Amino acid sequence: VQLQASGGGPVQAGGSLRLSCAASGGTFSSYGMGWFRQAPGKEREFVAAISVSGGTTSYTDSVKGRFTISRDNAKNTVYLQMNSLKPEDTAVYYCAADQIIGSIIAMRGIDFWGKGTLVTVSS
């Protein structure tokens, strides 16, 4: 499975962005999907995950109520709607796929990673 993230860019604090991750080369609807981020000088961290059906989602505490993960299995795409952005959300955002959503949440043994897209939030 190949994953291509897009939608990053500069934004002012309080603004919104929607990231997209398009999948190809596999059965998208068989994979749980997730978003991660890595800020400068920091380790990569889990942001959000969504189950195969979209019925189960999980978020890291710092983004709850501000970010929403969703997926469109007909378009082989997962989204991350980011609202009320803060400077501390500045990072490279990566999407990932795994058949086990628990692996995504635990950030362990993930099957596929995409290249990142940079989000820069200015104050």
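Since the model is a prediction, treat every value here as computed from it, not as a measurement.

Calculation rules
Residues numbered from 1 in each chain as written. Predicted model: local features only at pLDDT ≥ 70, side-chain atom pairs only at ≥ 80, totals over all residues. Heavy atoms only, no water. Disulfide = S-S within 2.5 Å. Helix = DSSP H or I, 4+ residues; strand = E, 2+ residues; numbered from the N terminus. Phe/Tyr/Trp six-rings, centres within 6.5 Å; stacked < 30°, edge-to-face > 60°. Lys NZ or Arg CZ within 6 Å of the ring centre and 35° of its normal. Pairing = 2+ DSSP bridges. Axes fitted to C-alpha atoms, helices over the stretch in contact; angles between N-to-C directions. Core = buried A, V, L, I, M, F, W, Y, C linked by side-chain atoms within 4.5 Å. Buried < 20%, exposed > 50% of the residue type's maximum accessible area, 1.4 Å probe, protein only. Contact = heavy atoms within 4.5 Å.

What exactly am I supposed to notice about the state of the cysteines here?
Disulfide: a covalent bond connecting the sulfur atoms of a pair of cysteines. Throughout the structure, instances matching the rule amount to one disulfide. The disulfide partner of C21 is C95, and the gap between their sulfur atoms is 2.0 Å. Where C21 bonds to C95 through sulfur, the torsion about that S-S bond is close to 60 degrees, and the disulfide is right-handed. Pair noted here: C21 is in strand β3 (residues 17-24) and C95 is in strand β9 (residues 91-98), with a separation of 74 residues, a long-range link.

What is the right way to read the packing of aromatic side chains from this model?
Between two aromatic rings, the relevant description is the distance of the centres plus the angle of the planes. Inspection of every chain in the model, using the stated rule, returns three aromatic pairs. With centroids separated by 5.8 Å and ring planes inclined at 70 degrees, the aromatic side chains of F36 and F46 adopt a geometry described as edge-to-face. With F36 in strand β4 (residues 32-38) and F46 in strand β5 (residues 45-50), this pair connects stretches of sequence that are ten residues apart. The interplanar angle of 55 degrees and the centroid separation of 4.8 Å between the aromatic rings of F36 and W113 together place this pair among those described as tilted. Here the residue F36 occupies a position in strand β4, and W113 occupies one in strand β10 (residues 112-113), the gap between them amounting to 77 residues. The structure contains a cluster of three or more aromatic residues connected by ring pairs, namely F36, F46 and W113. Lying across the ring of W113, R44 places its NZ or CZ 4.7 Å from the centre.

Honestly, the sheet that holds strand β7 (residues 67-72) in this entry has me stumped. Any pointers?
Each strand in a sheet pairs with another by means of backbone hydrogen bonds, the pair being arranged parallel or else antiparallel. Pairing is antiparallel in the open sheet, where four strands are placed in the order β1-β3-β8-β7. The open sheet has two edge strands with one neighbour each: β1 (2-6) and β7. This sheet shows a mean twist of 15 degrees between the axes of neighbouring strands, independent of strand direction.

It is not clear to me how the nonpolar core should be interpreted in this structure. Could you clarify?
Nonpolar side chains in soluble globular proteins tend to be buried together. Membership of the largest hydrophobic core comes to 30 residues, with the highest contact counts inside it found for M33, W35, L80, M82 and Y93. For this core, the elements supplying multiple residues, two or more each, are β1, β3, β4, β5, β7, β8 (77-82), β9 and β11 (117-122). Among the nonpolar cores identified, the runner-up in size contains six residues, and F36, F46, A96 and I104 belong to it.

Would you mind going over the environment of F28 with me for this structure?
Here F28 is to be found in the loop between β3 and β4. Distance from F28 to P87, taken between C-alpha atoms, is 32 Å for residues 59 residues apart in sequence. Setting aside its immediate chain neighbours within four residues, F28 contacts A23, M33, R71, D72, N73, N76, T77 and V78.

What should I look at first to understand the pairing of β9 in this one?
Here is the key point about a regular strand: its side chains alternate between the two faces of the sheet. Counting buried positions along β9 yields seven of eight residues, so the element is predominantly enclosed. Note that β4 and β9 share seven bridges and pair antiparallel. Bridge assignment links G34 to a residue of β9, and that residue is A96. Examined bridge by bridge, β9 and β10 share two bridges and lie antiparallel to one another. Residue pairing in the sheet places A96 in a bridge with W113 of β10.

Purely geometric numbers; function is a separate question.
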